[in-house]
Amino acid sequence: MKINMINYKSLWALLFILASWITFTVFQNSTKIWSALNLPISLHHWNNSIKSLFLKAPLIPLKPLTETELRIKEIIEKLDQQIPPRPFTHMNTTTSATHSTATILNPRDTYCRGDQLDILLEMRDHLGHRKQYGGDFLRARMSSPALMAGASGKVTDFNNGTYLVSFTLFWEGQVSLSLLLIHPSEGVSALWSARNQGYDRVIFIGQFVNGTSQVHSECGLILNTNAELCQYLDNRDQEAFYCVRPQHMPCAALTHMHSENKKVSYLSKQEKSLFERSNVGVEIMEKFNTISVSKCNKETVAKKEKCKVGMTSTIPSGHVWRNTWNPVSCSLATVKMKECLRGKLIYLMGDSTIRQWMEYFKASINTLKSVDLHESGKLQHQLAVDLDRNINIQWQKHCYPLVGSMTYSVKEMEYLTRAIDRTGGEKNTVIVISLGQHFRPFPIDVFIRRALNVHKAIKRLLLRSPDTMVIIKTENIREMYNDAERFSDFHGYIQYLIIKDIFQDLSVSIIDAWDITIAYGTNDVHPPQHVVGNQINILLNYIC
């Protein structure tokens, strides 16, 4: 009887070890699959021990990809095709602005206002050899500084080393043309590959408070650690943020956050040379003379209809003249801001570039009074009201990731989808959303997921409140020489294309801040007030 009891116990011990091994093996394989999809699931800290796996993490069968995950996969595959890997053996074989040639097609001594001027661009490397593939990140702009005028040009990539650059000559006078090689195709390929390799170029430091005790802990979208983690998960939208759990602190004790750049790079030493200041934003058409544009005897241009929500944008979407933005497809009027906003509830949601709008409103409407919401820090929610005119304007930051060295409160943070879901909405409600700048240092799936979730929230809003006005403000271009691996405008441009693709099926309008800031030539993530004012004037024309 005693021997049988020992065998019985041994059998159970053997079964326990076998079950643990199976659980660990299957779980390990499933973790690899989920990690490959970069999904924010709570599996990153479940490998502490077989015991914790066995007791805390029941085996979950693999589920088919959700609609959102399939869409993310589809968009990334499309982008991978547009940004194929490019060989980079030596700087001499990369695209050279100096050796590339630009030729005006059908040149004339004088051009007429409204004409199109086309330039054929042939790219060469530093040894003078013709490039056989495209993919260079170029920026075309025409300007007349004396007239405070500017516009972007349209670049068509033939994927064989040649490009067509088209300028619409919107105004009369002496016009200067510029074509910048911001990054060669080899640099673009390197940036794209590096971007999607890791989440740790920027890390976050969370502050946990328990009574009089304060502890700081590392946080992030993904954390590669065996330590116990706090998970802050939006289960419906599958967006998550993690912090290493401090000892003797509950996860709910997280109160503040700031970020730090980490000395992490996924670029090789050779690739980094492509992003030295002398190799970024190099002028290709340096020797070009100014173009003379006359009115000629053309018939008066037909009057354009007033700008309104739902109009299709063109490339370029407009031009600057006397420091004022003029869209191509419609006309903007000067609107009296106070009267236009009478009775309106304006929600501004997103990053600091849309917070600039809030600050502009407060500076421009002297009857608008700020309401103290008893929050702290630069990123605190803002509310301003004009009681006599019943104007209510609010700004709130988007949720993680928020990159910045200044400490900000996370106690009232929420995903924009939740803010949109609790918005009643009606004909006097306007929502303006801006996303992008803070997502540039992270793999592209993070931004795509956020954009898709916001799209779904807006779709729900418009279903229940179809009269609500929704505006998407795209990213501004920013400083050209600032940390390309994390913040290059190439990352912003990819996100700009994603936004235009995702939201094209909804009854929303896009304020093309990308094109506007190129036309103004700001190269500043926070452009001057007159540029912000012109962005807001588009909104006012939509409202009134």
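Being a predicted model, the structure only gives us computed values, none of them experimental.

J.: An account of the state of the cysteines is needed here, citing residue identities and associated values.
T.: For the structure shown, the criterion picks out 5 disulfides. Between the sulfur of Cys219 and that of Cys243 lies a disulfide, 2.0 Å long from S to S. Between Cys219 and Cys243 the disulfide shows an S-S torsion of about 105°. By sign, it is right-handed. Taken together, the positions of Cys219 in strand S10 (residues 213-220) and Cys243 in strand S12 (residues 239-244) put the pair 24 residues apart, joining distant regions of the chain. We classify Cys219 as buried; its relative accessible area is 1%. A sulfur-sulfur separation of 1.9 Å characterises the disulfide bridge that pairs Cys307 with Cys330. Disulfide Cys307 to Cys330: torsion about the S-S bond roughly 85°, handedness right-handed. Of this pair, Cys307 sits in the loop between strand S15 (291-294) and strand S16 (318-321) while Cys330 sits in the loop between strand S17 (324-327) and helix H6 (337-340); the two residues are 23 residues apart in sequence, bridging distant segments of the chain.

J.: Tell me what's going on with the confidence of the model for the chain, and back it up with residues and numbers.
T.: In this model, the chain carries a mean pLDDT of 88, and residues with pLDDT of at least 70 account for 88%. This stretch, residues 1-59, has a pLDDT under 50; its non-local contacts, to residues over four places away or in other chains, come to 50 contacts.

J.: Hey, could you go over helix H7 (residues 352-364) for me, with residue numbers and the actual values?
T.: In a regular helix each residue adds 1.5 Å, so 13 residues correspond to 18 Å; H7 covers 18 Å between its end C-alpha atoms and thus fits that length. When H7 is considered as a whole, its buried residues turn out to be Ser352, Thr353, Ile354, Arg355, Gln356, Trp357, Met358, Tyr360 and Phe361.

J.: An account of the sheet that holds strand S22 (residues 408-409) is requested, with residue identities and associated values reported.
T.: Paired through their backbone hydrogen bonds, the strands of a sheet run either parallel or antiparallel. The sheet built from 6 strands is open, its strands ordered S11-S12-S10-S9-S13-S22 with antiparallel pairing. Here the strands that pair on one side only, and so sit at the sheet edges, are strand S11 (229-234) and S22. Pairing of S10 with S12, which is carried by 2 bridges, proceeds in the antiparallel orientation. Residue pairing for S12: Gly220 is matched across the bridge by Tyr242.

J.: Let's hear about the side chain of Glu186: which residues, and what values?
T.: Examined against the element boundaries, Glu186 turns out to sit in helix H4 (residues 185-195). With relative accessibility at 2%, the residue Glu186 sits in the buried group. Ignoring anything within four residues of it in the chain, the contact list for Glu186 reads Arg86, Pro87, Phe88, Thr93, Thr94, Thr95, Lys131, Tyr133 and Leu274.

J.: Any details on the packing of aromatic side chains? Residues and values, ideally.
T.: Tallied over the entire structure, the rule returns 9 aromatic pairs. Centroid distance Phe137 to Tyr493: 5.8 Å. Interplanar angle 35°. Geometry classified as tilted. With a gap of 356 residues between them, Phe137 in strand S4 (residues 137-144) and Tyr493 in helix H11 (residues 489-502) connect regions that are remote in the sequence. Judged by relative accessible area, which is 8%, Phe137 ranks as buried.

J.: Could you give me a rundown of the pairing of strand S8 (residues 173-183), with the residues and numbers involved?
T.: Pairing analysis gives 7 bridges linking S4 to S8, with the strands arranged antiparallel. Along S8, the bridge assignment pairs Arg141 with Ser178. As defined by bridge partners, S8 adjoins S15 across 3 bridges and the pair is classed as antiparallel. Looking across to S15, one finds that Gln174 is bridged to Ser292.

J.: Describe in detail the environment of Asp505, supporting the description with residues and values.
T.: Mapped onto the secondary structure, Asp505 falls in the loop between H11 and strand S25 (509-511). With 50 residues separating them in the primary sequence, Asp505 and His455 have C-alpha atoms 9.6 Å apart. Among the polar contacts made by the side chain of Asp505, one reaches the side chain of His455 at a distance of 2.8 Å.

J.: I'd like to hear about the sheet that holds strand S20 (residues 382-386), residue by residue, with values.
T.: Read from one edge of the open sheet, 7 strands run S19-S20-S21-S18-S23-S24-S25, paired in mixed fashion. Of all the strands in the sheet, the pair left with one neighbour each is strand S19 (369-371) and S25. When strand polarity is set aside, the average angle formed by the axes of neighbouring strands in this sheet is 20°. Of the strand pairs in this sheet, strand S23 (residues 429-434) and strand S24 (residues 469-473) are connected by 4 bridges, and their pairing is parallel.

J.: Any details on the packing of helix H3 (residues 67-82) against H11? Residues and values, ideally.
T.: Between two packed helices, what matters for the description is the angle formed by their axes and the separation of those axes. Two elements in contact, H3 and H11, have axes separated by 12 Å at closest approach and are oriented at 130°. The angle between the axes of H3 and H11 places the two elements in the oblique class. Regarding H3 and H11, the two cross each other, and that crossing is right-handed. For the pair H3 and H11, contact is made by Arg71, Ile75, Lys78 and Leu79 and by Ile494, Ile498, Asp501 and Ile502, respectively. Its residues placed into classes, the contact of H3 with H11 shows 5 nonpolar, no polar and 3 charged.

J.: Could you give me a rundown of the nonpolar core, with the residues and numbers involved?
T.: Ranked by internal contacts, the top residues of the largest apolar core, which has 110 residues, are Met257, Leu341, Leu348, Phe361, Ile433, Ile458 and Phe503. The leading source of residues in this core is helix H9 (residues 444-464), at 11 residues. The residues touching Phe361, leaving out its near neighbours within four places in the chain, are Met337, Leu341, Leu348, Leu368, Ile393, Ile536 and Leu539. Of all hydrophobic cores here, the second largest spans 27 residues; its members include Ile104, Val165, Ile284 and Met285.

J.: I'd like to hear about the pairing of S20, residue by residue, with values.
T.: By the criterion of burial, S20 is predominantly enclosed, with 5 of the 5 residues buried. Two elements, S19 and S20, share 3 bridges in a ladder whose sense is antiparallel. Paired with Ser370 across the strands is Ala384, a residue of S20. Sheet topology places S20 next to strand S21 (residues 391-397); 5 bridges connect them, and they run antiparallel. Across the sheet, residue Gln382 finds its bridge partner in S21, namely Trp395. Linkage of S20 to S21, two consecutive antiparallel strands, is achieved through a turn of 4 residues, within which Asn390 is found at a positive phi near 60°.

J.: Lay out the pattern of salt bridges with the relevant residues and their values.
T.: One pass over the full model with this rule turns up 26 salt bridges. The partner of Arg355 in a salt bridge is Glu359, with the nearest N and O atoms 3.3 Å apart. Of this pair, Arg355 and Glu359 both sit in helix H7, separated by 4 residues, roughly a single helical turn. With relative accessibility at 7%, the residue Arg355 sits in the buried group. Judged by its relative accessible area of 31%, Glu359 is partly exposed. A salt bridge links Arg389 to Asp386; its shortest N-O distance comes to 3.1 Å. Through salt bridges with shared partners, a single network forms among Arg139, Arg440, Glu475 and Asp489.

What counts and what doesn't
Residues numbered from 1 in each chain as written. Predicted model: local features only at pLDDT ≥ 70, side-chain atom pairs only at ≥ 80, totals over all residues. Heavy atoms only, no water. Disulfide = S-S within 2.5 Å. Helix = DSSP H or I, 4+ residues; strand = E, 2+ residues; numbered from the N terminus. Buried < 20%, exposed > 50% of the residue type's maximum accessible area, 1.4 Å probe, protein only. pLDDT = per-residue confidence, 0-100. Contact = heavy atoms within 4.5 Å. Expected span 1.5 Å × (residues − 1). Pairing = 2+ DSSP bridges. Phe/Tyr/Trp six-rings, centres within 6.5 Å; stacked < 30°, edge-to-face > 60°. Polar contact = N/O pair within 3.5 Å; in protein donor to acceptor, adjacent residues only side chain to side chain. Axes fitted to C-alpha atoms, helices over the stretch in contact; angles between N-to-C directions. Parallel < 35°, antiparallel > 145°, perpendicular 65-115°, else oblique. Left-handed = near helix turned anticlockwise from the far one by under 90°. Nonpolar A, V, L, I, M, F, W, Y, C, P; charged D, E, K, R; others polar. Core = buried A, V, L, I, M, F, W, Y, C linked by side-chain atoms within 4.5 Å. Salt bridge = Lys/Arg side-chain N within 4 Å of Asp/Glu carboxyl O.

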